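Survey of secondary and tertiary structure
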There are 2 protein chains.
Amino acid sequence: MSNEEERATPPGSLSHRVPDLGALELLLAVARLGSLGGAAREVGITQPAASSRIRSMERQLGVALVDRSPRGSRLTDAGALVTDWARRIVEAAEAFDAGAQALRDRRDSRLRVAASMTIAEYLLPGWLLALRAGRPDTAVSLLAGNSAAVAERLLAGEADLGFVEGVSVPPGLDSAVIAHDRLIVVTAPGHAWARRRRPLEASELAATPLILREKGSGTRQVLDAALGGLARPLIELSSTTAVKAAAVSGAGPAVLSELAVGEELAMRRLVRVPVEGVALARDLRAVWPTGHRPVGPARELLSLTRGKSGPSGA
Amino acid sequence: MSNEEERATPPGSLSHRVPDLGALELLLAVARLGSLGGAAREVGITQPAASSRIRSMERQLGVALVDRSPRGSRLTDAGALVTDWARRIVEAAEAFDAGAQALRDRRDSRLRVAASMTIAEYLLPGWLLALRAGRPDTAVSLLAGNSAAVAERLLAGEADLGFVEGVSVPPGLDSAVIAHDRLIVVTAPGHAWARRRRPLEASELAATPLILREKGSGTRQVLDAALGGLARPLIELSSTTAVKAAAVSGAGPAVLSELAVGEELAMRRLVRVPVEGVALARDLRAVWPTGHRPVGPARELLSLTRGKSGPSGA
DNA sequence: ATGAGGACATAAGCTGGAGTTATGAGCAAC
DNA sequence: GTTGCTCATAACTCCAGCTTATGTCCTCAT
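Residues numbered from 1 in each chain as written. Chains lettered and ligands numbered in written order. Predicted model: local features only at pLDDT ≥ 70, side-chain atom pairs only at ≥ 80, totals over all residues. Heavy atoms only, no water.

**Considerations on the protein's contact with DNA strand D**
Around DNA strand D, the structure places 20 residues, and the nearest of them are Thr46(A), Leu36(B), Ser51(B), Arg68(B) and Ser73(B). Each atom of DNA strand D within 4 Å of the protein was classed as base or backbone; sugar and phosphate made up 71%. For DNA strand D, a phosphate oxygen lies 3.0 Å from a polar atom in the side chain of Arg53(A). With respect to DNA strand D, the backbone of Leu36(B) contributes an N or O atom lying 2.6 Å from a phosphate oxygen. Of all the secondary structure elements, the ones that give two or more residues to the surface near DNA strand D are α4 (47–61) of chain A together with α3 (36–43), α4 (47–61), β1 (66–69) and β2 (72–75) of chain B. For the surface near DNA strand D, the element with the highest residue contribution is α4(B), accounting for 4 residues. (Near = heavy atom within 4 Å. Polar contact = N/O pair within 3.5 Å; in protein donor to acceptor, adjacent residues only side chain to side chain. Helix = DSSP H or I, 4+ residues; strand = E, 2+ residues; numbered from the N terminus.)

**Observations regarding the protein's contact with DNA strand C**
Residues in close proximity to DNA strand C total 21 residues, the closest being Ser51(A), Arg55(A), Arg68(A), Ser73(A) and Thr46(B). A share of 67% is what sugar and phosphate atoms reach among the atoms of DNA strand C within 4 Å of the protein. Contacts to DNA strand C include Ser51(A), whose side-chain N or O atom sits 2.3 Å from a phosphate oxygen. At 3.4 Å, a backbone N or O of Pro70(B) approaches a base nitrogen of DNA strand C. Where the surface near DNA strand C is concerned, the elements lending two or more residues are α3 (36–43), α4, β1 (66–69) and β2 (72–75) of chain A together with α4 of chain B. The element that contributes the greatest number of residues to the surface near DNA strand C is α4(A), accounting for 4 residues.

**Observations concerning the interface of chain A and chain B**
The interface is formed by 70 residues belonging to chain A together with 69 residues belonging to chain B. Roughly 6,200 Å² is buried in total at the junction of chain A and chain B, and carbon and sulfur atoms are behind 61% of that figure. Among the residues chain A hides against chain B, the three largest losses belong to Trp85(A), Phe96(A) and Arg268(A). Together they make up 13% of the total. Between chain A and chain B we count 2 salt bridges in total. Between Arg17(B) and Asp97(A) there is a salt bridge whose closest N-O contact spans 2.6 Å. If you look at where chain A meets chain B, you find 14 residue pairs in polar contact (both at pLDDT 80 or more). Among the elements that take part in the side of chain A that touches chain B, helix α5 (residues 77–105) of chain A stands out by supplying 23 residues, more than any other. Classifying every residue of the side of chain A that touches chain B by side-chain character gives 32 nonpolar, 15 polar and 23 charged. (Contact = heavy atoms within 4.5 Å. Buried area = accessible area lost by both parts, 1.4 Å probe. Salt bridge = Lys/Arg side-chain N within 4 Å of Asp/Glu carboxyl O. Nonpolar A, V, L, I, M, F, W, Y, C, P; charged D, E, K, R; others polar.)

**Quick notes on the confidence of the model for chain A**
All names here are of chain A. For chain A, mean pLDDT is 85; residues scoring 70 or higher make up 92% of the total. Here helix α12 (residues 262–266) stands out as the least confident element of chain A, with mean pLDDT 75; α4 is the most confident, with 94. Overall, residues 1–10 carries pLDDT values under 50, and its contacts beyond four positions in sequence, including any with other chains, amount to 7 contacts. Of the regions scoring below 50 in pLDDT, residues 308–314 engages in 11 contacts with residues more than four places distant in sequence or in other chains. (pLDDT = per-residue confidence, 0-100.)

**Comments concerning helix α13 (residues 297–305) of chain B**
For the α-helix, the turn length of 3.6 residues means that residues three or four positions removed from each other point alike. Residue and element names in this part refer to chain B. Where α13 is concerned, the buried positions are Pro-297, Ala-298, Leu-301, Leu-302, Leu-304 and Thr-305. Down the axis of α13, the buried side of the element spans an arc of 160°, and every buried residue falls inside it. Packed against the buried residues of α13 are β3 (111–115), α7 (124–134), β5 (161–164), β6 (173–187) and β13 (281–289). (Buried < 20%, exposed > 50% of the residue type's maximum accessible area, 1.4 Å probe, protein only. Arc of directions from axis to C-beta.)

**Side note on the packing of aromatic side chains**
All names here are of chain A. Counted under the stated rule, the structure contains 2 aromatic pairs over all chains. Here the aromatic rings of Trp-127 and Phe-163 are separated by 4.8 Å at their centres, their planes lie at 45°, and the arrangement is tilted. With Trp-127 in helix α7 (residues 124–134) and Phe-163 in strand β5 (residues 161–164), this residue pair connects regions lying 36 residues apart in the sequence. Here Trp-127 matches Phe-163 in class, with each residue buried. (Phe/Tyr/Trp six-rings, centres within 6.5 Å; stacked < 30°, edge-to-face > 60°.)

**Considerations on the packing of helix α2 (residues 21–33) of chain A against α4(A)**
Residues and elements named next belong to chain A. Contact pair α2 / α4: the axes reach a minimum separation of 10 Å and the direction vectors enclose 105°. By the angle class used here, α2 and α4 are roughly perpendicular. Mapping the contact onto sequence places Gly-22, Ala-23, Leu-24, Leu-26, Leu-27 and Val-30 in α2 and Ala-50, Arg-53, Ile-54 and Met-57 in α4. Among the residues making up the contact of α2 with α4, the classes are represented as 8 nonpolar, 1 polar and 1 charged. (Axes fitted to C-alpha atoms, helices over the stretch in contact; angles between N-to-C directions. Parallel < 35°, antiparallel > 145°, perpendicular 65-115°, else oblique.)

**A word on the packing of α7(A) against helix α13 (residues 297–305) of chain A**
All names here are of chain A. Direction vectors running N to C along α7 and α13 enclose 120°, while the axes themselves pass 10 Å from each other. Of the possible angle classes, the one that applies to α7 and α13 is oblique. In this structure, the crossing between α7 and α13 has a hand that is right-handed. Where α7 abuts α13, its residues Trp-127, Ala-130 and Leu-131 lie against Glu-300, Leu-301, Leu-304 and Thr-305. Considered class by class, the residues forming the contact of α7 with α13 number 5 nonpolar, 1 polar and 1 charged. (Left-handed = near helix turned anticlockwise from the far one by under 90°.)

**Focus on the relation of the copies chain A and chain B**
For the pair chain A and chain B, the superposition axis carries a translation of 0.1 Å, the fit reaches an RMSD of 0.1 Å, and the rotation angle comes to 180°. Taken together, the rotation angle and the small translation identify this as a two-fold axis. Closest approach to the rotation axis within chain A is made by the C-alpha atom of Ile89(A), at a distance of 2.8 Å. Looking at the interface residues of chain A, 97% of them are also at the interface in chain B, so both copies use one shared face. (Least-squares fit on C-alpha atoms with pLDDT ≥ 70 in both.)

Structural data, given as structure tokens:
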């Protein structure tokens, strides 16, 4: 017996310590219905299967999750907590599913969307879920690319609605601002800047090597423009996520879209560094071919993306 | 409850359409390392297993994720997107794991935390992850309960650090404000209030039946106090999550902690309704027995919870 | 009481997915 | 060429999770 079951973090990574999605869904169903059998029915398995599954989940976690009684099952206190955490996983999985489905459908879709990377990454899955809630039968296809690619698709009639994050709107397209985004400077909590109280100035930012997206990315363009083309890279990485990962690991300060780091900030994996005197704001826009106001599903989706603003006005 | 389950998508719920955590972790490793074999090594399986796993994931999603070449593998455009969505799932799973581990350890923990439900639900997993990053070997145990239970544990010496969200600090404890929370009114996007521009007034809020936590919950107490004991329930539910679910499904307006609905607001599953003239703010506090300033791991955790504030001062 | 019905547990057997080893094939650099 | 990296394919093993069948415990109605 070379290895012990519990060690700080055994090699069997997450998948061995976290129940699989099916089990989590089952747990949510138990929480909602107050019965193992009922939950089993809902997820389409038999009662003994559900019983065994919950039990093995309890064994895996080392915590009692449900109080079984001859007339139903209720969650333990710990179970309630676990269930809430589980729900976050399931919600992320739902977003994944919505996105993946759009990525696949491609062919017979009633709504074809083209979006820039940042938007496709962080906002679109949520919109798709909302759309699915309202119009369950709308098949959506998604194509992700930069602003130029989005414009091209729209003008070629290969997409019904586009989303871009650039500073300018490609020619031939009408647009509506649907949200505002801002680039922010972040560091790992341990970094010296994390404890700054006085805002950074443009000159400091320009003088410091930063973790950045590669040249040509929307994010980088905005930053370079704001600093006058002077941003000095510590490393250049080709995805927002890679930049985040590098920043979290403490490699240095990074500049990223506010959208990309919401969760990291909330969980304090990253800390925002205040900045002054640098224009890092940008608009997120929905776009469509001039004159072709979105109709049908496209209009539906467009309206979802604009929370509390009033009606449109191309 | 009593609402129709989704149909649009086939019965095989999520778990059949979303790859399991192991596969997602593998995908992240491939993205990071640029090689199937390397990723396989990292997650502790053989190269053929990784190859087959990625392939079956591509089959499942109906999208090519990686471009394989005789000298490495790079992500497809779609693959990059999928990987980013996958990362959200994995991060939620990490938080789950951190929380679940704390729930289990219980006995030989070097740091015993007692926290109120809302904090345990939404903030603690993130803190635990951050703590684990800095001090990988700190075993933490977690006990969730209401303010009174937290105080009791602390005073009995059964917990080293507590977190409460009440309006007042239980006697015998010192405290430090670590964050501010606020109750907010939310509705599904379809609700009439979602389109309001003029803020609600206290009288309107008090006159409208709301989806609420049960009497006695911290959330409900704050609301009742703010309205003068007048909150009128449409339904009373026993968990924050149940309230959210009801609100999302359009049952009516709900009152919830800002913390609880961040994601729903971002994804526009819920819309915030502005309110005026009602005191819905509350402090989140760390607490400890009077005189026993947190030391060691407790101090470590405490400092994590306060992002940019300076040193403490009981 | 007593029997019906609901809810969970246990037992035994089946199946498929994911893992393994072994091997082959394409491409690069020396 | 040969070495060394990559990935793919094949044949086999094994276990997690499913099913059906049955048992126990409790509650409620007759």
